[in-house]
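# A look at the structure
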Amino acid sequence: MKFILLEIRLFFVCMSFLTRIPSPGWVSFKEEWLHQSIKYSPTVGILLGSLQLFVFLIFQFLFGTTISFTISVGFLLILTGAFHEDGFSDFCDGIGGGWKREDILRIMKDSRVGSFGAVGISLLVLLKVLGVSESFQLYEKNGFNFMLNAKIQFQLLSVWLYFVSAHSFSRFLSVFMMKLLPYAKEEGYAKPMAKEITWPQILFASLFGVIPYLTLVYLHPNFLFSLFCIIPSYVYMFSLMKRWIQGFTGDCLGAVQQVIETCIWISGVFLWTSI
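In this report, the structure presented in the accompanying data block is examined.

Each value, and the rule that gives it
- Residues numbered from 1 in each chain as written.
- Predicted model: local features only at pLDDT ≥ 70, side-chain atom pairs only at ≥ 80, totals over all residues.
- Heavy atoms only, no water.
- Helix = DSSP H or I, 4+ residues; strand = E, 2+ residues; numbered from the N terminus.
- Buried < 20%, exposed > 50% of the residue type's maximum accessible area, 1.4 Å probe, protein only.
- Areas by Shrake-Rupley, 256 points an atom, 1.4 Å probe, with all protein chains shown as cover.
- Salt bridge = Lys/Arg side-chain N within 4 Å of Asp/Glu carboxyl O.
- Axes fitted to C-alpha atoms, helices over the stretch in contact; angles between N-to-C directions.
- Parallel < 35°, antiparallel > 145°, perpendicular 65-115°, else oblique.
- Left-handed = near helix turned anticlockwise from the far one by under 90°.
- Contact = heavy atoms within 4.5 Å.
- Nonpolar A, V, L, I, M, F, W, Y, C, P; charged D, E, K, R; others polar.
- Phe/Tyr/Trp six-rings, centres within 6.5 Å; stacked < 30°, edge-to-face > 60°.
- Lys NZ or Arg CZ within 6 Å of the ring centre and 35° of its normal.
- Expected span 1.5 Å × (residues − 1).
- Core = buried A, V, L, I, M, F, W, Y, C linked by side-chain atoms within 4.5 Å.
- Polar contact = N/O pair within 3.5 Å; in protein donor to acceptor, adjacent residues only side chain to side chain.

For the rest of this paragraph, the subject is the overall build of the chain. Helix and strand counts for the chain come out as 13 helices and zero strands. Starting at the N terminus and walking to the C terminus, you meet the elements of the chain as α-α-α-α-α-α-α-α-α-α-α-α-α. Split into buried and exposed, the 275 residues of the chain put 51% on the buried side. Of the roughly 13,300 Å² of accessible surface on the chain, 68% is carried by carbon and sulfur atoms.

On to the pattern of salt bridges. Using the criterion set out here, one finds four salt bridges in the structure. The partner of K39 in a salt bridge is E7, and the shortest N-O contact between them spans 3.0 Å. Taken together, the positions of K39 in the loop between α2 (31–36) and α3 (41–60) and E7 in helix α1 (residues 2–18) put the pair 32 residues apart, joining distant regions of the chain. Per residue, the accessibility class of K39 equals that of E7, and both read buried. Across the pair K128 and E261 runs a salt bridge, and its minimum N-O distance is 3.3 Å. Of this pair, K128 sits in helix α7 (residues 115–141) while E261 sits in helix α12 (residues 250–266); the two residues are 133 residues apart in sequence, bridging distant segments of the chain. Each member of the pair, K128 together with E261, is buried. Several salt bridges converge on common partners, so that one network encompasses E85, K128 and E261.

Next up on the list: the packing of helix α11 (residues 227–244) against α12. Contact geometry for α11 and α12: axes closest at 9 Å, N-to-C directions at 165°. Compared by their axis directions, α11 and α12 come out roughly antiparallel. The element α11 and its partner α12 pack so that their crossing is right-handed. Side by side, α11 and α12 meet where C229, I230, S233, Y234, M237 and M241 of the first sit next to C252, A255, V256, V259, I260, C263, I264 and I266 of the second. By residue class, the composition of the contact of α11 with α12 is 13 nonpolar, one polar and no charged.

A word on the packing of aromatic side chains. Scanning all chains against the criterion turns up 21 aromatic pairs. For the ring pair F17 and F83, a centre distance of 5.5 Å and an interplane angle of 75° mean the geometry is edge-to-face. One end of the pair, F17, is in helix α1; the other, F83, is in helix α5 (residues 83–97), and 66 residues separate them in sequence. In textbook terms, an aromatic cluster arises when at least three aromatic residues are bridged by ring pairs, as seen for F56, F69, F136, Y162, F163 and W265. Positioned above the aromatic ring of F204 is the side chain of K39, whose terminal nitrogen or guanidinium carbon lies 5.0 Å from the ring centre.

Helix length check: α12, at 17 residues, gives a terminal C-alpha distance of 25 Å against a target of 24 Å (1.5 Å per residue), a fit within 8%. The buried count for α12 comes to 15 of 17 residues, which makes it a mostly enclosed element.

Counting residues in hydrophobic clusters, the biggest one holds 55 residues, and the most contacted among them are F91, Y162, F163 and M241. By residue number, the principal contributor to this core is helix α8 (residues 152–180), which donates 11 residues. Other than its neighbours up to four places away in sequence, F91 contacts G96, M108, M237, L240, M241, D251, C252 and A255.

With that settled, the discussion passes to the side chain of K39. Of the residues examined, K39 reaches a relative accessible area of 13% and is grouped as buried. At 3.0 Å, the side chain of K39 forms a polar contact with the side chain of E7. For K39, the contacting residues outside a window of four places in its chain are E7, L10, Q201, F204 and A205.

Here is the structure:
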């Protein structure tokens, strides 16, 4: 019973760290729980993806796909406090504006948004919106309409997995990056979470981070082509961190999550079409 209670607490600790969703009043906090809770990051991603889909479907009855998805993105920005987006922006500023490891880490720590960060986050959001808009245009062009079609349950499952995979798989790969590289700073916001990542934690995270993605690939084999976008992006992010700062920071993890999430959104074109 104590084990189950601890795991429930770890989930809420992770949710509180990654989002602004309030935890129940009985959930206390210990710093050692923070690094134990990281395995629930993909699980939190499933929750966020489901909530985003819910908002998207509501506004789909009133507006088109592009407007509805844009609203759902704004909803998540409020729900998460733009936590990962801020990390991506800082990462762009640091890698784009720094020439030495110390300079890059100092720039990332600066709360101000520079030109690289502003341009980077603008392009990121634009790619998300246009990627999903293009995906659903092809979706409906091929004879699907998940609001009216007789096969609504199967189609809703596919769309749900699409939304969930964008958040859960990207968060899993972000967690996995913590195993591949050391923490780059002596102290930092992500230090308590990053200090003791174990293979059992990685395995647990993979259950909720990888299974939705694999299920989507099983239902729509064409979506496997998304790996041609995900893998090079992930390797490139890894190489940038290893070369310039010899490790990762909290901003780097946020950047990885955002890049992989965007790769999945724009890979939605593979869900409903053949190559």
